[in-house]
Amino acid sequence: MASPRSAKTRSPLEQEIRDSFQTRKRVFIGLITGSSVLICLFLAMVWFIPFVGLTTIHPAAPWVFGFITVALILAIGWAALALVLNILLGRPVLFAKRLRGITVKLFLPLMTLLGRAVGIPKQTVRASFIKVNNELVRGEGHRYPADRLLLLMPHCIQNSRCKYRLTYDIDNCKRCGECALAGLLNLRDKYGIKLAVATGGTIARRIVVQHRPKLIIAVACERDLASGIQDTHPLPVYGILNSRPFGPCLDTDVALDKVEWAIKEFLA
């Protein structure tokens, strides 16, 4: 695993990405800790409430049920602790790589509900989740051959007035410069990676099956990135949020320097 660079040797872009992560990880850690506590309390109540009634089945039934409940509480606590330590230390600990998917799939809906209860918007929770996921993926320290990296773009990044269909063949693009796809194609040609455009989750899954990448660098909004990261686990996804100057799903854009930075981070 590559050792983290010191603040003096980081580029301004990398420092910006790291500073953004610092502002998001506190939200994620707070919500996942609160969610794990709520689940553990619920499991404890599930055991405690019928404790007296279980003795009618068998004298040892409450203790067997209690053992199972405690085991589940410990497993959830372990998963949450491993993920938090992974975030803080920047490397997998306590078998966090295996537990990350279970923890994320279990906690993200609860974190969204808990965030709503304490006044944190759903979009902020998702953005925090994406930032933390990116650091976890980077923390694994893997690099991949160019032909196993996939740039996956949403269809809304294409100019809405363009008459060429790019979903099935990205090279139909005429590189007129009216949208970011010309720059993305230049990055594809420069580094030899794969590039595709998806119109939705079903098409995105089909593209992943076709190309069989080792890592996906995906551009989308908070909702699509969060759901895509969950759907493709254990395949790692590095998410980059698009910009939406005209609102969602219309002529969106992406910072090409951030995309190129991510390519360099994972390219062997």
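Not measured: the values here are computed from a predicted model.

Moving on, we come to the packing of aromatic side chains. Summed over the entire model, instances satisfying the criterion amount to two aromatic pairs. When the ring of Tyr238 is compared with that of Trp261, the centres are 6.5 Å apart and the planes differ by 50 degrees; the resulting orientation is tilted. A residue pair is termed long-range when its members are at least 10 positions apart, and Tyr238 in strand β4 (residues 237-241) and Trp261 in helix α9 (residues 256-266) qualify at 23 residues. Through a chain of ring-to-ring contacts, the aromatic side chains of Tyr238, Trp261 and Phe266 assemble into a single cluster.

A word on helix α6 (residues 181-191). The buried count for α6 comes to eight of 11 residues, which makes it a mostly enclosed element. At its buried positions, α6 is contacted by β1 (149-154), β2 (194-198) and α9. Directly after α6, the chain includes Gly192, whose backbone phi takes a positive value near 75 degrees.

Quick look at the environment of Pro145 now. Mapped onto the elements of the fold, Pro145 is located in the loop between α5 (122-139) and β1. Spatially, the C-alpha atom of Pro145 lies 5.2 Å from that of Ala268, the residues being 123 residues apart in sequence.

Our focus in this paragraph is the packing of α5 against helix α8 (residues 222-232). Where α5 meets α8, the closest approach of the two axes is 9 Å, and the angle between their N-to-C directions is 50 degrees. Put simply, α5 runs oblique to α8. The two elements α5 and α8 cross, and the hand of that crossing is left-handed. Contacts between α5 and α8 involve Gln123, Arg126, Ala127, Phe129, Ile130 and Asn133 on the former and, on the latter, Glu222, Arg223, Leu225, Ala226, Ile229 and Gln230. Within the contact of α5 with α8, the residues separate by chemical class into six nonpolar, three polar and three charged.

What counts, and at which threshold
Residue positions are counted from 1 within each chain, in the order its sequence is given. The predicted nature of this model means local features are confined to residues of pLDDT at least 70 and side-chain atom pairs, given and counted, to a pLDDT of 80 or more, with totals for whole chains, interfaces and linings taken over all residues. Heavy atoms throughout the structure, all of them, feed into the side-chain values; hydrogens and water do not. Ring pairs shown here join Phe, Tyr and Trp side chains whose ring centres sit within 6.5 Å, with only the six-membered ring taken for Trp; geometry is labelled stacked below 30 degrees between planes, edge-to-face above 60, and tilted in between. Comment: elements are numbered from the N terminus, with helices defined as DSSP H or I runs of at least four residues and strands as E runs of at least two. Categorising residues by exposure relies on relative accessible area from a 1.4 Å probe, with only protein chains included: less than 20% of the type maximum marks a residue as buried, more than 50% marks it as exposed, and the intermediate range marks it as partly exposed. In what follows, a contact means two residues having at least one pair of non-hydrogen atoms within 4.5 Å. To define axes, lines are fitted to C-alpha atoms, for helices over the stretch in contact only, and angles between the resulting N-to-C directions are given on a 0 to 180 degree scale. In these notes the angle categories are as follows: under 35 degrees is roughly parallel, over 145 is roughly antiparallel, 65 to 115 is roughly perpendicular, and the rest is oblique. Each crossing gets its handedness from the near helix: less than a right angle anticlockwise from the far helix is left-handed, clockwise is right-handed. Three classes are used, and their members are as follows: Ala, Val, Leu, Ile, Met, Phe, Trp, Tyr, Cys and Pro are nonpolar, Asp, Glu, Lys and Arg are charged, and the others, Gly among them, are polar.

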